[in-house]
Amino acid sequence: MSTDRAPLRLGTRKSLMATTQSQLVADALSQRTGLAVELVGVTTQGDVSKALLAQMGGTGVFVSELRDRVLSGEVDFAVHSLKDLPTGAAEGITLAATPRRDDPRDALCGPAKLADLPRGARVGTGSPRRVAQLLALRPDLEVVPIRGNADTRLGKVTSGELDAVVLAYAGLTRIGRLEAVAEVFETEQMLPAPGQGSLALECRSDRPELAGLLGTVDDAATRAAVLAERTVLAVLEAGCSAPVGAYAAEREQELHLTANVVSSDGTRQIRLSARGHRDEAERLGRDLAHRMLGLGADQLMGERTIEPR
Ligand SMILES: NCc1[nH]cc(CCC(=O)O)c1CC(=O)O
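Residues numbered from 1 in each chain as written. Predicted model: local features only at pLDDT ≥ 70, side-chain atom pairs only at ≥ 80, totals over all residues. Heavy atoms only, no water.

**Q** Requested: an account of the overall build of the protein chain, with residues and values cited.
**A** The helix and strand tally for the protein chain stands at 11 helices and 13 strands. Scored against the burial criterion, the 309 residues of the protein chain give a buried share of 50%. (Helix = DSSP H or I, 4+ residues; strand = E, 2+ residues; numbered from the N terminus. Buried < 20%, exposed > 50% of the residue type's maximum accessible area, 1.4 Å probe, protein only.)

This is the structure:
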């Protein structure tokens, strides 16, 4: 490997969570390839204006701006939280690697475990999936919609505005805030968002040599698992904000996939599982989603049109 090569430019958002996970990827890549990797912080419109973020439809805006920098050649590749990626393919962009996934679970942050929170406790989350599953576990809770980065959300517990908040364990690890965790939900209690805890490295489709280099940090088991999960989401035609949980992992050389949709009040749930070989991850996800639709998943998610596919 030549050492006089210019460093690879890694495009990342500038938040602590983003730069931490991007640095981990940079270090792993350097170790595997011998190449230098330099972080290029990108300020997106979504970071600049909260109003614009809401208007432009949530976290997808961060992703598309990083992708623009990849397409223009300003950076060589981008690192995203995989769960923030829209399910549809992006023109000219290749998913070059999904590194080994971190803990996919959700965590309750606050002074007490869920069972020990007082009746009617105020729990903050902006995710319809978490709202629905929280209410399924504890119908008495007052779920409060919140926005902002993980630190801002944790601050609402410290200040007493909220009794607890729910956040992804992986993100809390990356920002060094595990001390805030009161309870990590088992996936039986709360099914994570498709792709939660895993990262995505994206580069231009016309750079196969680069994709090959990035592929040195790919983890095949993670890739199969998140493909199965995201296929469920794609078939259910539910965006990142829909109340869809999906989690897949390999056990004894089989990929086990579980997915659910929960009504917004938490009273009704469709939850199914399937297993198969990792090479059939996409079919596994598609078949499971179609079985869920057959059981009325679209009604549970609210009235939405499902395109046949
Ligand atoms: N949408 C925000 C987001 N995107 C990825 C993570 C956490 C890290 C991950 O899932 O990889 C978070 C914060 C959260 O849900 O608590």
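**Q** Could you give me a rundown of the nonpolar core, with the residues and numbers involved?
**A** Grouped together as the largest cluster of nonpolar side chains are 26 residues, with contacts concentrated most on Val232, Leu236, Leu255, Val261 and Met292. Elements with a contribution of two residues or more to this core: helix H9 (220–235), strand S11 (244–251), strand S12 (254–262), strand S13 (269–276), helix H10 (281–294) and helix H11 (297–300). With near-sequence residues (within four places) excluded, Leu255 lies in contact with Ala224, Ala225, Ala228, Ala248, Ala249, Glu250, Ala274, Arg275, Gly276, Arg278, Ala281 and Leu284. Of all hydrophobic cores here, the second largest spans 19 residues; its members include Leu8, Leu35, Leu199 and Leu210. (Core = buried A, V, L, I, M, F, W, Y, C linked by side-chain atoms within 4.5 Å. Contact = heavy atoms within 4.5 Å.)

**Q** Now, about the sheet that holds S13: what can you tell me, with residues and values included?
**A** The three strands lie next to each other as S11-S12-S13, forming an open sheet whose pairing is antiparallel. The strands lining the two open edges of the sheet, one partner per strand, are S11 and S13. Between one strand and the next, the sheet's axes are offset by a mean angle of 10 degrees, whatever the strand orientation. Pairing between S11 and S12: eight bridges, direction antiparallel. Of the residues in S12, the one forming a bridge with Ala249 is His256. Strand contacts of H9: S11 and S12, with the helix running at about 150 degrees to S11, the strand carrying the most contacts. (Pairing = 2+ DSSP bridges. Axes fitted to C-alpha atoms, helices over the stretch in contact; angles between N-to-C directions.)

**Q** A description of the packing of H9 against H10 should follow, citing residues and the corresponding values.
**A** Two numbers describe how H9 lies on H10: the axes approach to 7 Å, and their chain directions differ by 35 degrees. The two elements H9 and H10 cross, and the hand of that crossing is right-handed. Of the residues in H10, those in contact with Ala224, Leu227, Ala228, Thr231, Val232 and Val235 of H9 are Ala281, Glu282, Gly285, Arg286, Ala289, His290, Met292 and Leu293. Class assignment for the residues of the contact of H9 with H10 results in nine nonpolar, three polar and two charged. (Left-handed = near helix turned anticlockwise from the far one by under 90°. Nonpolar A, V, L, I, M, F, W, Y, C, P; charged D, E, K, R; others polar.)

**Q** Can you tell me about the site of the ligand, naming the residues and giving the values?
**A** Lys83, Asp84, Arg130, Ala168 and Gly197 are the nearest of the 13 residues found near the ligand. Side-chain polar atom of Asp84 to a nitrogen atom of the ligand: 3.1 Å apart, as the coordinates give it. Arg174 has a polar side-chain atom sitting 3.1 Å from an oxygen atom of the ligand. Isolated, the ligand exposes 400 Å² of accessible area, and the fraction of that covered by the protein chains is 83%. (Near = heavy atom within 4 Å. Polar contact = N/O pair within 3.5 Å; in protein donor to acceptor, adjacent residues only side chain to side chain. Areas by Shrake-Rupley, 256 points an atom, 1.4 Å probe, with all protein chains shown as cover.)

**Q** Give me the lowdown on helix H5 (residues 128–137), citing residues and values where you can.
**A** Within H5, seven of the 10 residues are buried, which leaves it mostly tucked inside the rest of the structure. Residues of H5 that are buried: Arg129, Arg130, Val131, Ala132, Gln133, Leu134 and Leu135. Considering only its buried residues, H5 is in contact with strand S5 (106–109), strand S6 (122–124), strand S7 (142–144), strand S8 (164–168), S11 and S12.

**Q** Give me the lowdown on the sheet that holds S7, citing residues and values where you can.
**A** Ordered by their spatial adjacency, five strands build an open sheet running S7-S6-S8-S5-S9, and the pairing between neighbours is mixed. Because the sheet does not close on itself, it has two edges, and the strands there are S7 and strand S9 (181–184). Within the sheet, the average angular offset between the axes of one strand and its neighbour, ignoring direction, is 30 degrees. Looking at chain direction, S5 and S9 are connected through three bridges and run antiparallel. Paired with Cys109 across the bridge in S9 is Val181. Taken strand by strand, H5 contacts S5, S6, S7 and S8, and its axis lies near 125 degrees from that of S8. Along the sheet, helix H6 (residues 150–158) contacts S5 and S8; its crossing angle with S8, the most-contacted strand, is approximately 160 degrees.

**Q** How would you explain the environment of Gly92 if you had to name every residue and give the values?
**A** Within the secondary structure layout, Gly92 lies in the loop between strand S3 (77–81) and strand S4 (93–97). What makes Gly92 partly exposed here is its relative accessible area of 32%. Between the C-alpha atom of Gly92 and that of Asp206, which follows or precedes it by 114 residues, the distance is 7.4 Å. Once you skip the residues sitting within four places of it in the chain, Gly92 turns out to touch Leu71, Cys203, Arg204 and Ser205.

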